[in-house]
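# Breakdown of the fold
So you can see what is in the structure, the chains are spelled out below.
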Amino acid sequence: MKNIAIFASGAGSNAQKIIDHFSDSTIARVTLILCNKPDAGIFRIAEKENIPAILIEKDPFFRGDDYVQLLQREQIDLVVLAGFLWKVPANLVQAFANRIINIHPALLPKYGGKGMYGHFVHEAVINAGDAESGITIHYVNEKYDDGATILQERCTIVPGDTPETLAKKVQVLEHTWYPVIVERLLTNEAVSH
Ligand SMILES: Nc1nc2c(c(=O)[nH]1)N[C@@H](CN(C=O)c1ccc(C(=O)N[C@@H](CCC(=O)O)C(=O)O)cc1)CN2
Ligand SMILES: NCC(=O)N[C@@H]1O[C@H](COP(=O)([O-])[O-])[C@@H](O)[C@H]1O
């Protein structure tokens, strides 16, 4: 049984989909949730699902090894970023090399990097007049949105689409594919479909 830790900063809808996906699985389970925003909805999900949740403290996260040691002590096999809005520091990236993944709500390398998260991403895509958007699931390295791509899925953008309607299309892709990719990675299955 593999152990998954989810890092989030917001509502946690992707975390909920991953928790649901593994709810009666013999492959893996979500054993830890970590969040940097005390009022984030993810804490209510953790309570409902009876999963330990930790409020991340800024200085220890960026300056020490406390969280590396915690994840190692908890025998975490895969770290899943799901709307986590801080940059994962180099010590954690190195300690969990190729075992930290992220989902980005656009087709990287476009619309990535500092400042590109949530609504800001969809706003930029709509303002650019692109005909499509989508998701990128990728490994996490020491830079924002720079790690090797695991999967990209696309959705069309039609006249009249707004950042809000695009966000809904992208969220369908996220909820469909993130749990599937997490399972494929943990069972060493091919990840491209
Ligand atoms: N080392 C890495 N850490 C993180 C990555 C990554 O690829 N490598 N991905 C992000 C998730 N993300 C995009 O997918 C992302 C999240 C947040 C930001 C951002 O600009 N954050 C702001 C702070 C926002 C806040 O505190 O409310 C900032 O850094 O100024 C960019 C991209 C997760 N971590
Ligand atoms: N650049 C990172 C980024 O923008 N991540 C995005 O945050 C949202 C979290 O939603 P959730 O809290 O409902 O899972 C998701 O749309 C995810 O792609």
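Note that this is a predicted model, so its numbers are computed, not measured. Throughout this description, residue numbers start from 1 for each chain and increase along the sequence as written. Starting at A for chains and at 1 for ligands, labels are handed out in the order in which the entities are written. Restriction of local features to residues with pLDDT of at least 70 applies here, the model being predicted, together with a cutoff of 80 or more for giving and counting side-chain atom pairs; totals for whole chains, interfaces and linings are based on all residues. The basis for every side-chain value is the complete set of non-hydrogen atoms in the structure, without hydrogens or water.

### Some thoughts on the site of ligand 1
Cut-off, in case you're wondering: Near is defined per residue: the residue qualifies when any heavy atom it owns lies within 4 Å of the molecule or strand. Pairs of N or O atoms are called polar contacts if they sit within 3.5 Å, as long as, within protein, a hydrogen donor faces a hydrogen acceptor (for residues adjacent in sequence, only side-chain-to-side-chain pairs). Each accessible area value is a Shrake-Rupley result obtained with a 1.4 Å probe; residue values ignore everything except the protein chains displayed when judging cover.
Near ligand 1 there are 21 residues, and of these Asn-102, Lys-114, Gly-115, Tyr-144 and Asp-145 occur at the shortest range. Measuring from a nitrogen atom of ligand 1, one finds a backbone N or O atom of Val-88 at 2.9 Å. Contact between ligand 1 and His-104: an oxygen atom at 3.0 Å from a side-chain N or O atom of the residue. For ligand 1, the accessible surface in isolation is 710 Å², of which the surrounding protein chains cover 87%.

### Some thoughts on the site of ligand 2
Inclusion rule: Points on a 1 Å grid over protein atoms alone make up a cavity when a 1.4 Å probe fits among them but cannot get out, and a pocket when they form an open set with protein on both sides within 12 Å along at least five of seven lines; lining residues each have an atom within 4 Å of a point. Any molecule with more than half of its atoms within 2 Å of a cavity's or pocket's grid points is counted as sitting in it. Here a helix means four or more residues in a row that DSSP labels H or I, a strand means two or more in a row labelled E, and each is numbered from the N terminus. By the convention adopted, Pro, Cys, Tyr, Trp, Phe, Met, Ile, Leu, Val and Ala count as nonpolar, Lys, Arg, Asp and Glu as charged, and the other residues, Gly among them, as polar.
If you check the shell around ligand 2, you find 13 residues, and the closest are Gly-12, Ser-13, Asn-14, Gly-118 and Glu-174. Within the contact set of ligand 2, an oxygen atom lies 2.6 Å away from a side-chain nitrogen or oxygen of Ser-13. Taking Asn-14, its main chain carries an N or O atom lying 2.9 Å from an oxygen atom of ligand 2. Protein contacts shield 85% of the accessible area of ligand 2, which totals 450 Å² for the unbound molecule. Among the cavities detected, the one that contains ligand 2 is the largest pocket. Sorting the residues of the shell around ligand 2 by element identifies helix 1 (13-21) and strand 5 (100-104) as the ones contributing at least two each. Residues belonging to the shell around ligand 2 are distributed by class as follows: five nonpolar, seven polar and one charged.

### Thoughts on the pattern of salt bridges
Here the idea is simple: oppositely charged side chains can pair when their charged atoms come close. This is how it is decided: In what follows, salt bridge is the name for a side-chain nitrogen of Lys or Arg lying within 4 Å of a carboxyl oxygen of Asp or Glu. Burial classification: accessible surface area is computed with a 1.4 Å probe over protein chains only, and a residue below 20% of its type maximum counts as buried, one above 50% as exposed, and the rest as partly exposed.
Counting across every chain of the model gives five salt bridges. A salt bridge links Lys-48 to Glu-49, with the shortest nitrogen-to-oxygen separation between them at 2.9 Å. Take Glu-49: its relative accessible area is 27%, and that puts it in the partly exposed class. For Asp-59, the salt bridge identified is with Arg-63, shortest N-O distance 3.5 Å. In this pair, Asp-59 and Arg-63 are both assigned in helix 3 (residues 58-63), four residues apart and thus about one turn of the helix distant. Relative accessible area serves as the criterion here: at 45%, Asp-59 is assigned to the partly exposed category.

### A few points about the packing of aromatic side chains
Rules: A pair of Phe, Tyr and Trp rings is counted when the ring centres sit within 6.5 Å of each other, with Trp represented by its six-membered ring. The angle between the planes then sorts it: under 30 degrees is stacked, over 60 is edge-to-face, the rest tilted. Lysine and arginine charges are scored as sitting over a ring when NZ or CZ, respectively, is within 6 Å of the ring centre and within 35 degrees of the ring normal.
Within this structure, the stated rule accounts for nine aromatic pairs. Pairing Phe-7 with Phe-61 gives two aromatic rings, centres 6.4 Å apart and planes at 45°, and the pair type is tilted. Of the two residues, Phe-7 sits in strand 1 (residues 2-8) while Phe-61 sits in helix 3, which places them 54 residues apart along the sequence. A cation over an aromatic ring shows up here: Lys-87 above the ring of Tyr-144, its NZ or CZ 4.9 Å from the ring centre.

### Quick notes on the layout of surface pockets
Keep this limit in mind: Grid points are joined across faces, edges and corners, and a volume is the space filled by probe spheres set on the points.
Within this model, the largest pocket holds a volume of roughly 900 Å³. Lining the largest pocket we find 42 residues, and of these Gly-83, Phe-84, Leu-85, Tyr-117 and Gly-118 sit closest to its centre. Elements represented by at least two residues in the lining of the largest pocket include exactly helix 1, strand 5, helix 6 (119-128), strand 6 (132-139) and helix 7 (163-186). Of the residues contributing to the lining of the largest pocket, the split by class is 18 nonpolar, 17 polar and seven charged.

### Re the UniProt feature "site: Raises pKa of active site His" (unreviewed entry) in the chain
The following threshold applies: UniProt positions are given in the numbering used here, feature names are shortened, and annotations may be inferred rather than shown by experiment. Note on contacts: a residue pair qualifies if any of its non-hydrogen atoms lie within 4.5 Å across the two residues.
When the UniProt feature table is mapped to this numbering, "site: Raises pKa of active site His" (unreviewed entry) covers Asp-145. Positionally, Asp-145 belongs in the loop between strand 6 and strand 7 (149-156). Given a relative accessible area of 17%, Asp-145 falls into the buried group. Excluding residues that lie within four positions of it along the chain, Asp-145 makes contacts with Asn-102, His-104, Leu-108, Gly-112, Gly-113 and His-138. Only 2.7 Å separates the side chain of Asp-145 from the backbone nitrogen of Gly-113, close enough to count as a polar contact.

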